[in-house]
Amino acid sequence: DCSYCPASIHDNFSPHTDINILKSTVDKLFSIEKPIRISFTGGEPTNNPIFFDFAEYVNEQGNFNLSLTTNGAFSSKFVDRVAQNFKFVTVSYHAENLPKQKEQFKDNILYLKEQNKQFKCIIMMHNNPDKWQDSESMIKFCQDNKIKYLPKALDNGTEEYSYSVDQFSKMKVLWINDVSPLK
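Presented here is a report on the structure given in the accompanying data block. (Residues numbered from 1 in each chain as written. Predicted model: local features only at pLDDT ≥ 70, side-chain atom pairs only at ≥ 80, totals over all residues. Heavy atoms only, no water.)

Non-glycine residue asparagine 116 carries a positive phi angle of around 55°. Summarising the element assignment, asparagine 116 is placed in the loop between α4 (99-114) and β4 (118-125). Positive phi is not limited to glycine here, since lysine 146 has a value of about 55°. In this structure, lysine 146 sits in the loop between α5 (129-144) and β5 (149-153). Its relative accessible area of 71% is what places lysine 146 among the exposed residues. (Helix = DSSP H or I, 4+ residues; strand = E, 2+ residues; numbered from the N terminus. Buried < 20%, exposed > 50% of the residue type's maximum accessible area, 1.4 Å probe, protein only.)

Here it is, written out as structure tokens:
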């Protein structure tokens with residue numbers, strides 16, 4: 001779970017939907033005979049053990065435009081499947097991830113860039129000083145590698161996510177100078 005998501009938006013114990021039910025739904029959508037956009041979002045869609053098999057099935061049916069929102073920390077064996085199956089990918093950087101996940105994230109977005117994949121990187125800006133600095137480092141990584149990024153303020157309505165005056169000022173500078181329009 002992400003550190004800032006309220007527990008009410010996910011339960012971590014519901015079983016994954018059976019792939020045959022998912023395929024049946026896609027088959028019904030396919031009968032519409034119009035272009036259809038499907039966006040996979042979280043939790044983390046790639047955690048579902050049948051996720052990539054299902055995405056490949058959807059693409060085999062044609063007439064679908066798939067997009068994915070992910071934390072980008074999936075293993076290197078899946079990054080090619082992401083590149084092959086999704087027209088657009090949004091990857092969100094989480095400073096609370098383990099060091100190995102952060103490196104995997106960087107490797108994955110570099111791979112997506114090499115593949116000329118349409119994607120953007122959302123950088124979650126934590127107010128915790130260590131996580132803030134880590135997120136700033138990720139911004140620098142994106143700038144150095146000419147990767148589109150967007151710093152995102154975290155606000156779930158609690159005092160815990162209040163920014164310092166300095167952090168708030170930096171966020172304004174990032175938004176005004178660096179991100180408008182998305183770089």
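Judged by pairing direction, the sheet is parallel, and its five strands sit side by side in the order β1-β2-β3-β4-β5 without closing on themselves. Both edges of this open sheet fall to β1 (36-40) and β5, since each of them pairs with a single strand only. With strand direction ignored, the average angle separating the axes of adjacent strands in the sheet is 20°. Where β4 lies against β5, five bridges are found, and the strand directions are parallel. The residue of β5 that forms the bridge with methionine 124 is lysine 152. Packing of α4 onto the sheet brings it into contact with β3 (88-93) and β4, and relative to β3 it is tilted by some 155°. Contacts between α5 and the sheet are confined to β3, β4 and β5, with β4 contributing the most and set at about 155° to the helix. (Pairing = 2+ DSSP bridges. Axes fitted to C-alpha atoms, helices over the stretch in contact; angles between N-to-C directions. Contact = heavy atoms within 4.5 Å.)

What the rule picks out here adds up to nine aromatic pairs. Ring plane angle 90° and centroid distance 6.0 Å describe the contact between phenylalanine 40 and phenylalanine 86, whose orientation is recorded as edge-to-face. On the criterion of sequence distance, the pair formed by phenylalanine 40 in strand β1 and phenylalanine 86 in the loop between α3 (76-85) and β3 is long-range, its members being 46 residues apart. For phenylalanine 86, a relative accessible area of 1% translates into the label buried. Among the aromatic side chains, those forming a connected cluster through ring pairs are Phe40, Phe51, Phe52, Phe54, Phe78 and Phe86. Sitting above the plane of the tyrosine 57 ring, lysine 23 keeps its charged end 4.9 Å from the centroid. Stacked on the ring of phenylalanine 141, the Lys or Arg lysine 106 has its end atom at 5.2 Å from the ring centre. (Phe/Tyr/Trp six-rings, centres within 6.5 Å; stacked < 30°, edge-to-face > 60°. Lys NZ or Arg CZ within 6 Å of the ring centre and 35° of its normal.)

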